[in-house]
Amino acid sequence: MSSTDTTTLVKDPTGDTASVEAGLDALDAVQVQRTPLTQVLRQKVLPPVLGVLLVLGVWQLAFSLELTTPDKLPSPAAVWTSLTDLWYEGTLFSIIWTSVWRGISGFVAAVVIGTPIGLLVARVKPIRAALGPVLSGLQSLPSVAWVPAAVIWLGINNSAMYAVILLGAVPSIANGLVSGVDQVPPIYLRAGRTLGATGLAGARHVLLPAALPGYLAGLKQGWAFSWRSLMAAELIASSPDLGLGLGRYLENQREFNDMSGVLLGIVLILVVGVAIDLLVFSPLERRVLRNRGLLVTTR
């Protein structure tokens, strides 16, 4: 073998290493590119706007074709008039805030209660055998079924509202955490124990961060159950002490046979639920995915 060939063989590993490093550098360079504003608008903003416009167009077309009477299917303009009436009366934000405050505070209480329950069910086998099926059954139970019982137990007051929220949201949050813990690789737990993270310290620093994607999915579902449970409670329970929330507003418009108000109530309930998801849970989900390398970081 010639000296030239020998030199080539010696230099090849260095060349391969340099190629790998160059490839990794190229990957890093892709991750720091800033997404153009026009692309963000086109991909994130335009599709939902077009979807809303499509729904409004179909709605207006059905009204114009007189597929049914206006008292059963009012026009979008009539619903907008109902919205402006609430605005000028000064009651729009108070109605929304009454329900939003109940929903958020009830959800926070559900997180405080559901998280330790989920940890116990996930990590203690006897508790899992006893409570696991119960949590799954409670999660599948319609929230409206708890309203009569809560009213009898606690009366028509805020306590009954919060009881319905907790009974609807806690099982979802606990089951989400159980699912997240079940997906944690065992090597993470062994590594944590090796470093001295046991008991509550292990749960805080190893188990919960590793189970965060599943836990976050449970939180999202828990919020959905909280909001649905609250609306069911407000629809059924009526008392001056409860104030006027979105569910009660919706039921009042039904009693007045005001279809424009009914549709407005439905739209407001939908908008609040979607807004909480977009403003709170979607950013959290993107951050979790980005920290785990599952979402490309754009700057």
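Residues numbered from 1 in each chain as written. Predicted model: local features only at pLDDT ≥ 70, side-chain atom pairs only at ≥ 80, totals over all residues. Heavy atoms only, no water.

**Concerning the packing of aromatic side chains**
Thought 1: Evaluated as defined, the whole model comprises six aromatic pairs.
Thought 2: Relative to F281, the ring of F107 lies with its centre 5.9 Å away and its plane at 85 degrees, an arrangement referred to as edge-to-face. Here F107, found in helix 4 (residues 92-123), pairs with F281, found in helix 12 (residues 259-291); they are 174 residues apart in sequence, far enough to count as distant. Assigned by exposure class, F107 and F281 land together as buried. (Phe/Tyr/Trp six-rings, centres within 6.5 Å; stacked < 30°, edge-to-face > 60°. Helix = DSSP H or I, 4+ residues; strand = E, 2+ residues; numbered from the N terminus. Buried < 20%, exposed > 50% of the residue type's maximum accessible area, 1.4 Å probe, protein only.)

**Describing helix 6 (residues 146-154)**
Because each turn of an α-helix spans 3.6 residues, side chains separated by three or four positions end up pointing in the same direction.
Thought 1: Taken residue by residue, helix 6 has W146, V147 and A150 as its buried positions. The buried side chains of helix 6 occupy one side of the element, clustering within an arc of 95 degrees when seen end-on.
Thought 2: Tucked inside the fold, the buried residues of helix 6 contact helix 5 (125-140), helix 7 (158-182) and helix 10 (212-236).
Thought 3: Just past helix 6, the residue G155 takes up positive phi, approximately 90 degrees. (Arc of directions from axis to C-beta. Contact = heavy atoms within 4.5 Å.)

**Focus on the pattern of salt bridges**
Thought 1: Tallying each qualifying case throughout the model produces six salt bridges.
Thought 2: Notably, a salt bridge pairs D182 with R128, separated by 2.5 Å at the nearest N-O pair. In this pair, D182 sits in helix 7 while R128 sits in helix 5, placing the two residues 54 residues apart along the sequence.
Thought 3: Looking at D182, the relative accessible area reads 43%, which means it is partly exposed. (Salt bridge = Lys/Arg side-chain N within 4 Å of Asp/Glu carboxyl O.)

**Quick word on the packing of helix 10 against helix 12**
In a packed pair of helices, the relevant descriptors are the angle between the two axes and the axis-to-axis distance.
Thought 1: Here helix 10 crosses helix 12 at 170 degrees, and the two axes come no closer than 11 Å. Considering the angle they form, helix 10 stands roughly antiparallel to helix 12. From helix 10, L212, P213, L216, L219, K220, W223, W227 and M231 reach across to helix 12, where they touch I269, V272, G273, I276, D277, F281, L284, E285 and V288.
Thought 2: Of the residues assigned to the contact of helix 10 with helix 12, the class counts are 13 nonpolar, one polar and three charged. (Axes fitted to C-alpha atoms, helices over the stretch in contact; angles between N-to-C directions. Parallel < 35°, antiparallel > 145°, perpendicular 65-115°, else oblique. Nonpolar A, V, L, I, M, F, W, Y, C, P; charged D, E, K, R; others polar.)

**Quick look at the side chain of S172**
Thought 1: Inspection of the secondary structure assignment puts S172 in helix 7.
Thought 2: Those residues in contact with S172, other than ones at most four positions away along the chain, are Q139, G218, Q221, G222 and F225.

**Points about the confidence of the model for the protein chain**
Thought 1: Averaged over all residues, the pLDDT of the protein chain is 81; the fraction at 70 or higher stands at 81%.
Thought 2: Under a pLDDT of 50 for its full length, residues 1-15 has, in the predicted model, two contacts with residues more than four places off or in other chains.
Thought 3: Here residues 26-32 is a poorly scored stretch, pLDDT under 50, and it has five contacts once near neighbours within four places are set aside; other chains count. (pLDDT = per-residue confidence, 0-100.)

**Some words on the packing of helix 4 against helix 11 (residues 246-255)**
Thought 1: Following both chains from N to C, one finds helix 4 and helix 11 inclined at 125 degrees, their axes separated by 8 Å at the closest point. With respect to helix 11, the element helix 4 is oriented oblique. Where helix 4 approaches helix 11, its residues I95, I96 and S99 are matched on the opposing element by L246, G247 and Y249.
Thought 2: Classifying every residue of the contact of helix 4 with helix 11 by side-chain character gives four nonpolar, two polar and no charged.

**Structural notes on the environment of P70**
Thought 1: Residue placement: P70 occurs in the loop between helix 2 (37-64) and helix 3 (76-89).
Thought 2: Taking C-alpha positions, P70 is 8.7 Å from M259, a pair spaced 189 residues apart along the chain.

**Some points on the nonpolar core**
Thought 1: Counting residues in hydrophobic clusters, the biggest one holds 55 residues, and the most contacted among them are L219, W227 and L246.
Thought 2: Sorting the residues of this core by element identifies helix 3, helix 4, helix 6, helix 7, helix 10, helix 11 and helix 12 as the ones contributing at least two each.
Thought 3: A total of 12 residues in this core trace back to one element, the largest contributor, which is helix 7.
Thought 4: When sequence neighbours within four positions are dropped, the list of residues in contact with L219 reads F107, V111, I173 and F281. (Core = buried A, V, L, I, M, F, W, Y, C linked by side-chain atoms within 4.5 Å.)

**Description of helix 12**
Thought 1: With 33 residues, helix 12 extends 47 Å between its outermost C-alpha atoms, agreeing within 8% with the 48 Å of an ideal straight helix rising 1.5 Å per residue.
Thought 2: Maximal helix bending in helix 12 amounts to about 35 degrees, located at L278.
Thought 3: Measuring from the backbone nitrogen of S260 back to the side-chain oxygen at the start of helix 12 gives 3.2 Å, which picks out D258 as the cap. (Expected span 1.5 Å × (residues − 1). Bend = angle between axes of the 7 residues up to and from the residue. Polar contact = N/O pair within 3.5 Å; in protein donor to acceptor, adjacent residues only side chain to side chain.)

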